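So you can see what is in the structure, the chains are spelled out below.
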Amino acid sequence: MLYAIIARDLPDRLAARRAARPAHLQRLQGLQDAGRLVLAGPHPAIDTTDPGEAGFTGSLVVAEFSDLATARAWAEADPYVAAGVYAEVLVKPFLKVLPA
């Protein structure tokens, strides 16, 4: 089943986000290599593809996991969590309707 991992950043955590980004991307690459990643990316703090020092307000990952507990465990082990980037992480089942 698919799960949406919706994370909200703490304020002023851009430096921590940048430092943890390579490890974060490496984990996402593992999901992609396994054919389980639907999409992943950050939410810019301002309406642009390059927010610069304005940074980001959170992240979204949609990926396949065997169950909700496994998806939560994967999300809790994210390098951004360990680095203190996220204020909260919500993991929810997700049903993809479109595109078909």
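Throughout what follows, the structure given in this document is the object of discussion. (Residues numbered from 1 in each chain as written. Predicted model: local features only at pLDDT ≥ 70, side-chain atom pairs only at ≥ 80, totals over all residues. Heavy atoms only, no water.)

## Some words on the sheet that holds strand 1 (residues 2–9)
Under the convention used in this document: Strand pairing is defined by DSSP finding a minimum of two bridges between the two strands. The numbering of helices and of strands both runs from the N terminus, where a helix is a DSSP run of H or I of at least 4 residues and a strand a run of E of at least 2. Lines are fitted to the C-alpha atoms to define the axes, a helix being fitted only along its stretch in contact, and any angle between axes, read from their N-to-C directions, falls within 0 to 180 degrees. The contact rule is simple, with two residues in contact once any of their heavy atoms fall within 4.5 Å.
Reading across the sheet, the 4 strands line up as 2-3-1-4 and stay open at both edges, with antiparallel pairing between neighbours. Of all strands in the sheet, those with a lone pairing partner are strand 2 (37–44) and strand 4 (86–94), marking the two edges. Averaged over all pairs of adjacent strands, the angle between strand axes in this sheet comes to 10°, irrespective of strand direction. Relative to strand 3 (residues 56–64), strand 2 runs antiparallel, the two sharing 7 bridges. Residue pairing in the sheet places Ala40 in a bridge with Val61 of strand 3. Together, strand 1, strand 2, strand 3 and strand 4 form the strand contacts of helix 1 (residues 14–33), whose direction differs from that of strand 3 by roughly 10°. The strands touched by helix 2 (residues 68–76) are strand 1 and strand 4; relative to strand 4, the strand with the most contacts, the crossing angle is about 155°.

## Describing unusual backbone geometry
Stated formally: Summary of the burial criterion: residues with accessible area below 20% of their type's maximum are buried, those above 50% are exposed, and those between are partly exposed, where the area comes from a 1.4 Å probe applied to protein chains only.
The omega torsion of the bond from Leu98 to Pro99 falls at -5°, within 30 degrees of zero and hence cis. Even without being a glycine, Asp12 presents a positive backbone phi close to 60°. If you trace the backbone, Asp12 turns up in the loop between strand 1 and helix 1. The exposure class of Asp12 is exposed, given its relative accessible area of 78%.

## A closer look at the pattern of salt bridges
For clarity, the threshold we go by: When a carboxyl oxygen of Asp or Glu lies within 4 Å of a side-chain nitrogen of Lys or Arg, that pair is called a salt bridge.
Enumeration according to the criterion identifies 4 salt bridges in this entry. A salt bridge links Glu88 to Arg8; the shortest N-O distance between them is 2.9 Å. Separated by 80 residues along the polypeptide, Glu88 in strand 4 and Arg8 in strand 1 bring together distant segments of the chain. Relative accessible area serves as the criterion here: at 43%, Glu88 is assigned to the partly exposed category. The partly exposed category is assigned to Arg8, whose relative accessible area is 43%. Notably, a salt bridge pairs Arg27 with Asp78, separated by 3.6 Å at the nearest N-O pair.

## Considering the pairing of strand 1
Here strand 1 lies mainly inside the structure; 6 of its 8 residues are buried. Two strands pair when backbone bridges link them, and strand 1 and strand 3 are joined in this way by 7 bridges, in the antiparallel orientation. Bridge pairing in strand 3 links Leu2 to Glu64.

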